[in-house]
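Survey of secondary and tertiary structure
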Amino acid sequence: MSILNLFRKEKCSYKLLAVASGKVCPIESVQDEVFSAKILGDGLALEPDNSQSVLAPASGVVTVADHSMPHAVGMRLSTGMEILIHIGIDTVEMDGHGFRLLAEKGEKVKVGQPLIAFDLDAIRSSGHPGTIILVVTEPGQHKPLFLSGLNAVAGQTVIAEYQ
Amino acid sequence: MVKLCYTVQDPLGLHARPAGLLVKLAKGFPGTTITVTKGEQTVKATQLMMLMSMCIKRGDEIEVVVQGQEEQNAAGAIQDFLHNHL
């Protein structure tokens, strides 16, 4: 390990890991203004390859998990940061078909734990982009640095860092 | 103080998009407190995750209370929001 890596580790003590495998893109590129204009908060987009579930990017508690809207899940991370993970664009119109919640509201989840199972083919065949969006809705005291442009591996690649 | 009662008409309810728009609207009136009540749960309209976790659906009755410096303007904006997005 180089000195640079040691330094990085000290500087950015917290990480968010990729919620699925695929290409990480800037949130500004999302085809939905509520996300791209950061109305919900800053974050990242991920174009999933063959992923079938989204994983918790860090440990925390599930704060939003509604079985009538299983395409989105909210978490309060153990650092106090609040995040929303939203699968697909306008997928609320799918009325839950193609999605299954794997965690309940109030449940404590560990980093890498599956939160939602989804069927990418069902999303695409209903005419919706499958883009997964991760939004930091409440950064708390933190200022996350989002790392886009990567080809992320679910549960392994760091997609954001913060102190 | 202005109190608005509204029965949700939108089949999709208060999902991410309208919740985000409501937060944006509420943050535009920093001197005014806007709360949303469904049943026994009351949250500030600036708290996105709290709003979403209330699971507001079509047919639900919600109450919006607006209080503060710009309450008339804010209440007008909330009224428009409810009719256009919810």
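Above this text is the structure in question.
Nothing here was measured: the structure is a model prediction, and the numbers come from that model. (Residues numbered from 1 in each chain as written. Chains lettered and ligands numbered in written order. Predicted model: local features only at pLDDT ≥ 70, side-chain atom pairs only at ≥ 80, totals over all residues. Heavy atoms only, no water.)

1. Quick notes on the environment of Met1(B)
Residues and elements named next belong to chain B. Our working rule: Under the scheme used here, helices are H or I runs from DSSP no shorter than 4 residues and strands are E runs no shorter than 2 residues, and both carry numbers assigned from the N terminus. Any residue under 20% of the maximum accessible area for its type is buried, any over 50% is exposed, and the rest in between are partly exposed; the area is computed with a 1.4 Å probe on protein chains only. It only takes one pair of heavy atoms within 4.5 Å for two residues to be counted as in contact.
Mapped onto the secondary structure, Met1 falls in the segment before strand 1 (2–7). On the basis of relative accessible area, Met1 is assigned to the exposed category, the value being 56%. For the pair formed by Met1 and Thr33, sequence separation is 32 residues and the distance between their alpha carbons is 9.6 Å. In contact with Met1, not counting residues within four places along its chain, are Val65, Val66, Gln67 and Glu71.

2. Here we look at the pattern of salt bridges
Threshold: In the sections that follow, a salt bridge refers to a side-chain nitrogen of Lys or Arg positioned within 4 Å of a carboxyl oxygen of Asp or Glu.
One pass over the structure, following the stated rule, counts six salt bridges over all chains. Put simply, Arg17(B) and Asp32(A) hold a salt bridge, and the shortest N to O gap is 2.8 Å. Separated into two different chains, Arg17(B) in helix 1 (residues 16–27) and Asp32(A) in the loop between strand 2 (22–26) and helix 2 (33–36) make up a pair that spans both. With its nearest N and O atoms 3.3 Å apart, the salt bridge here joins Lys38(B) to Asp60(B). Separated by 22 residues along the polypeptide, Lys38(B) in strand 2 (residues 32–38) and Asp60(B) in the loop between helix 2 (48–53) and strand 4 (61–68) bring together distant segments of the chain. With relative accessibility at 18%, the residue Asp60(B) sits in the buried group. Members of the salt-bridge network, linked through shared partners, are Glu28(A), Lys38(A) and Asp42(A).

3. Quick look at the interface of chain A and chain B
The line we're drawing: Two parts lose some accessible area (1.4 Å probe) when they are put together, and adding that loss for both gives the buried area. For the purposes of these results, a polar contact is taken to be a pair of N or O atoms within 3.5 Å, where, inside protein, one atom must be able to donate a hydrogen and its partner to accept one; residues adjacent in sequence count only when each atom of the pair is a side-chain atom. When residues are grouped by polarity, Ala, Val, Leu, Ile, Met, Phe, Trp, Tyr, Cys and Pro land in nonpolar, Asp, Glu, Lys and Arg in charged, and all others, Gly among them, in polar.
Contact residues are listed per partner, giving 20 residues for chain A and 14 residues for chain B. Note on chain A versus chain B: buried area summed over both sides is about 1500 Å², and carbon and sulfur give 69% of it. At the junction of chain A with chain B, the criterion picks out three salt bridges. Ionic pairing is found between Lys57(B) and Asp66(A), a salt bridge with its closest N-O pair at 2.8 Å. At the boundary of chain A and chain B, one finds five residue pairs in polar contact (both at pLDDT 80 or more). Within the residue set of the side of chain A that touches chain B, elements represented by two or more residues are strand 5 (60–66), strand 6 (69–77) and strand 7 (82–87) of chain A. A total of four residues in the side of chain A that touches chain B trace back to one element, the largest contributor, which is strand 7 of chain A. Each residue belonging to the side of chain A that touches chain B can be placed in one class, and the counts come to nine nonpolar, five polar and six charged.

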